[in-house]
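# Analysis of the macromolecular model
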Amino acid sequence: MATNHHLLLLVHLILVLSIIAIQTLAAYACIEDERDALLTFKAGISDGIRHSLSSWDEGQDCCRWRGVVCDNTTTRNILELNLRNPYQDSDNWTDYALSGEINPSLLALNHLTRLDLSNNDFVGMSIPEFIASFNNLTHLDLSYSKFGGKIPHQLGNLSKLRSLDLSGSYFIGTIPPQLGNLSSLRYLSLYSAFNDTSTPNTDNLEWISKLASLKYLDMGKINITNAVNWLHIVNKLQSIRVLLMSSSSLPSIPNHLSYVNFTGLTTLDLSNNWQFNTTLSSWLWNLTNLSYLNLEYCLFRGKIPDAHYNLTSLTYLNFKDNNLEGPLPSWLWNLTNLSYLNLQECQFHGKIPDALGNLTSFAYLNLGYNNLEGPLPSWLWNLTNLSYLNLEYCLFRGKIPDALGNLTSLIYLNLGGNNLEGPLPRSIGQLCNLRSIDLSYLGIGGDIRELVGMLGCKWTNMEEIFLSSNNLHGNLSNWLQQMANLKHLDLRNNSLVGSVPHGIGNLQNLNFLDLSSNSLRGVISEAHFANLTKLNDFLLSSNSLIISVGHNWIPPFQLTTLALGSCRVGPQFPAWLRWQRQINEVDLRNTSITGILPDWLWSLPLQLLDLSYNNITGTLPAHLKSTNIVSLDLKFNNLVGPLPLLPDALLLDLSNNSISGPLPKLLPTSILDLLLSNNLINGSIPSSICELASPEALDLSGNNLSGELPQCWQQGSGLEIIDFSNNNITGEIPPSVGSLTSLLSLDLSNNNFYGELPSELQYCKNLVLLDLGNNNFSGNIPIWIGEKLLNLRYLQLRSNMFEGNIPPQLAQLTALQVLDLSSNKLLGSIPRSFGNFTGMISSSVRNEKHTGIYLPGYDVDIFTYKDKLFLVMQGKESKYSEILYLVRTMDLSENNLSGVIPEEIGALRQLNNLNLSRNHLIGTIPEKIFDISSLEYLDLSSNELSGAIPQSISKLTFLDHLNLSYNNLSGRIPSGSQLDTLNDPSIYIGNAYLCGPPTSKNCSEDSAAPNSMSNYANGSETSIWWSYLGMGVGFVVGFWGVYAVLLFHTTWRCVYFRMIDNFFDNIYITVAVSMNRLKNKYG
């Protein structure tokens, strides 16, 4: 009974306590009006497929809802609304993002002090103006939620606001100066707040000077070009501690400040303001409290001052991508707190002082792309806290020491592109924390499996491996598939063999794979891609691989880059590309693809497309202009039909197809390189070709173009290449071509141009190649070619109607390697100064190429243009491009030149081809001409040369073609060495007095010759000695025989001298009578 009584009391107590709890909760629940306001707000909002506002339920206390913070007192007013999306860094962040309309019902929250709607998805919606009515608001964060429209100037009414973050938005217009009314503001971020930064996003910054309490200011990635006095305004902010103005288009930076007011600054970021282009500002050294200084890519120049040691608080220093010079500044050694130092691409040079090793706090050190000297500094191996080390392309030499193994904290190591030698030290196996290694361009040899096995710690933890451009061999089996954490693998340009293992498909984290330029073979199937769901870049070009996947295969990845050049992909175009909705670079050149391109190809977001060297047929799509293609390469295919309107691309290469019809009247002004050579294009060249904004190369050669060149070329054009050769263009060269002062190559050969060369052409002083051959140009060869075009290496004027003498001033073209003036009407002698062509004397060569485009975001040039010439050698015309830089030739044939061959030409020791045939040259062949040791082709035929062929011709060990026919040469034909292989009698035909092999004429003693001495010229030294001895004896015997008779026979002596006197008297009388008659006749 007592037990039951106690049980009843316990139940009663529980009921009483429950009633009290319910009453207490009701008393402290959120205010009903505010709860209703939130529910109305929720009704207009979509909270994503994850329903991030699912806790907002009518039956619950709203103070317990997600993101709602209430006053803990009995008032229970809502103070904070924190609806930030916490998954902004996730790939599926939109699943949690809020979107929709922001209902003004929130105005019921009149005690609200904090509103955070950041990292949501309001898709261009304007900030509701009613937000400016929250009078108690101290924190407003609308960042990265895609708000658009104009920034409401009413925000300036939030007088209690201490923090305002509008970064990562899509605003238009300019910053409202009313923000300067926020006198309580401590934190302001407008980073990347505007959708369009091509125009200024602020009229001025005067309003900032009113924010006297401001400690944090971020105006990065907005355009404040108009703010010329930005520094003087910011200098008024005495409380400022953090100033971030990266990529802000700042117009300039003053070198001096009369007084530095913001000395409390601890963080300064002015990076990516490349307009500065001045010396480092002196006021920087007064910011003694700085711990963070970022001046990356500001194009500062000159030396860093070496007399300032005040920045001892620095822990972060970044001078990357500036034009600084000289050795590293010595005050760096005093920055003992420095943990981050980035001096990449600063133009520093010299040896790194050992004192830098005193900075043992280093965790990040980047000295890449400087001209540093000597071996790797020994103090490096004492920096045991180092986690990031980049010394790429620093010109270091010597061996990598074993002490590298001391850096056990290393996570990133880059030694690529130096002159290091020898094997890798085995101590590299001690770097167990390594996640990224770059040893590219070091010439490392050996089997790649041994290199991998060298590491004592398993490479299964490795995330990035860069071993490109070495001498590694071996295969990929038994090690690659074990690297489960691998994200980036670059093994291009080695000597790897074998197949690509199927196990590569298990590398689930792999996003970049480059195995191009190896000797890999075998088949790549769907199994290779089984689990590569994160793959972004896939490059296998220049291997002997076969890509074999099903026509209906849908890949598990979304690529951005695909390069399979020179692999076998065809004959069908790969249908699986249709599902690659993020791809922007495709290289399928030389992949055996045939047939018509699918229509869906042009709907992909492609920027670079290379389908060259295939068998693609059909026509270009009519809607080509509407694509986003930046570079389109379809050369060497079988495309037909007319050119459609072209896209606003940078490179268009449609050469070597069968495209017909005229050029579009309107060409895209953005184009840099337009290459349409070797098609069937007709009509005239439109004047819009002169309206291209910044062209670099125009190649319309090998078509059926006619008419005259446009007269519209403009000053300031960056055009470097013009090739209009092999067309039917007529008229004179327009003088406006002379305004193209950047021109490097001008090829107008094989057309119907006429007239004299315009003198304005002399202003194209950068010309390297000038080919005007096979036209109808006339007049004298201008002297200014030799006096003004001093960079010329290739000059071809053959097959025109030039006349007059060859100007000796051409010899001022010291770099000249190709000179072809053949088949003209030139007179006079060959200038002796032609022995001064340094380009034909020096053995040094420059394989010069003209780079057309480098596209940001891609690590290779997408177009290069090399000089090309069609040269006539051995009677055949051949194209020279890849090896043109090796060619040295002089061709003056088929003119009316006279005089002797100047012996000075013998100084041109690197000359490969010399053709002086079909002129009227006289005299003997100079001995020194055979000092041209590189001569392969020599043609002196059809002249009037005489005398013997010098025996020294046998020194020409590279001689492959010789023609001395149809001259007046005589004597024995020399023999020996290379001459013995040139046994064609036609080489010497037309020289009646030549004898010996390979002709059928023997060199007998009674062989007639126009000059008896020539018969001895090719005899033996003994024969010549006996000849001279016989002549001497004969002279002595004859002289004394006559002299003795006259001396001892008086009658004969008198008769002889009387006869001599009568002979001279008769001559004198005849001459005197004749002169008298002429004098009487002409008076």
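Please refer to the structure placed before this passage.
None of the values given here were measured: they were computed from a predicted structure.

Quick look at a negative patch on the surface now. Negative charge collects at one region of the surface, where E708, E732, E756 and E803 lie side by side. On the secondary structure map, E756 appears in the loop between β51 (752-755) and β52 (769-771).

To continue, consider the sheet that holds strand β43 (residues 658-662). Reading across from one edge, β41-β43-β45-β47 is the order of the four strands in this open sheet, with parallel pairing throughout. Each edge of the open sheet is held by one strand with a lone partner, namely β41 (640-642) and β47 (704-705). Taken together, the three bridges between β43 and strand β45 (residues 680-683) define a ladder with parallel strand orientation. The residue of β45 that forms the bridge with S660 is L680.

The next subject is the pattern of salt bridges. Following the criterion strictly, the structure yields 18 salt bridges and no others. Salt-bridge contacts for D820 lead to R798; the nearest nitrogen and oxygen are separated by 3.5 Å. Highlighted residues: D820 in strand β56 (residues 818-820) and R798 in the loop between β54 (794-796) and β55 (801-805), separated in sequence by 22 residues. Given a relative accessible area of 6%, R798 falls into the buried group.

Overall, parallel pairing links the five strands, which are arranged β49-β51-β53-β55-β57 in an open sheet. One side of each edge strand has no neighbouring strand; the edge strands of this open sheet are β49 (730-731) and β57 (825-827). One ladder, built from three bridges, connects strand β53 (residues 776-780) with β55; its direction is parallel. Its bridge partner lying in β55, S778 is registered against M801.

Our next topic: the side chain of T202. Checked against the element boundaries, T202 lands in the loop between β10 (187-189) and β11 (216-218). Here N204 takes part through its backbone oxygen, which lies 2.7 Å from a polar atom of the side chain of T202. Non-local contacts of T202, meaning those with residues more than four positions away in its chain, are made with T174, I175, W207, N223, I224 and N226.

So, how was this worked out
Residues numbered from 1 in each chain as written. Predicted model: local features only at pLDDT ≥ 70, side-chain atom pairs only at ≥ 80, totals over all residues. Heavy atoms only, no water. Patch = residues over 30% accessible without salt bridge, like charges linked within 9 Å, V, L, I, M, F, W, Y side chains within 5 Å. Areas by Shrake-Rupley, 256 points an atom, 1.4 Å probe, with all protein chains shown as cover. Salt bridge = Lys/Arg side-chain N within 4 Å of Asp/Glu carboxyl O. Lys, Arg positive; Asp, Glu negative; His and termini not counted. Charge placed at Lys NZ, Arg CZ, Asp CG, Glu CD. Helix = DSSP H or I, 4+ residues; strand = E, 2+ residues; numbered from the N terminus. Pairing = 2+ DSSP bridges. Buried < 20%, exposed > 50% of the residue type's maximum accessible area, 1.4 Å probe, protein only. Polar contact = N/O pair within 3.5 Å; in protein donor to acceptor, adjacent residues only side chain to side chain. Contact = heavy atoms within 4.5 Å.

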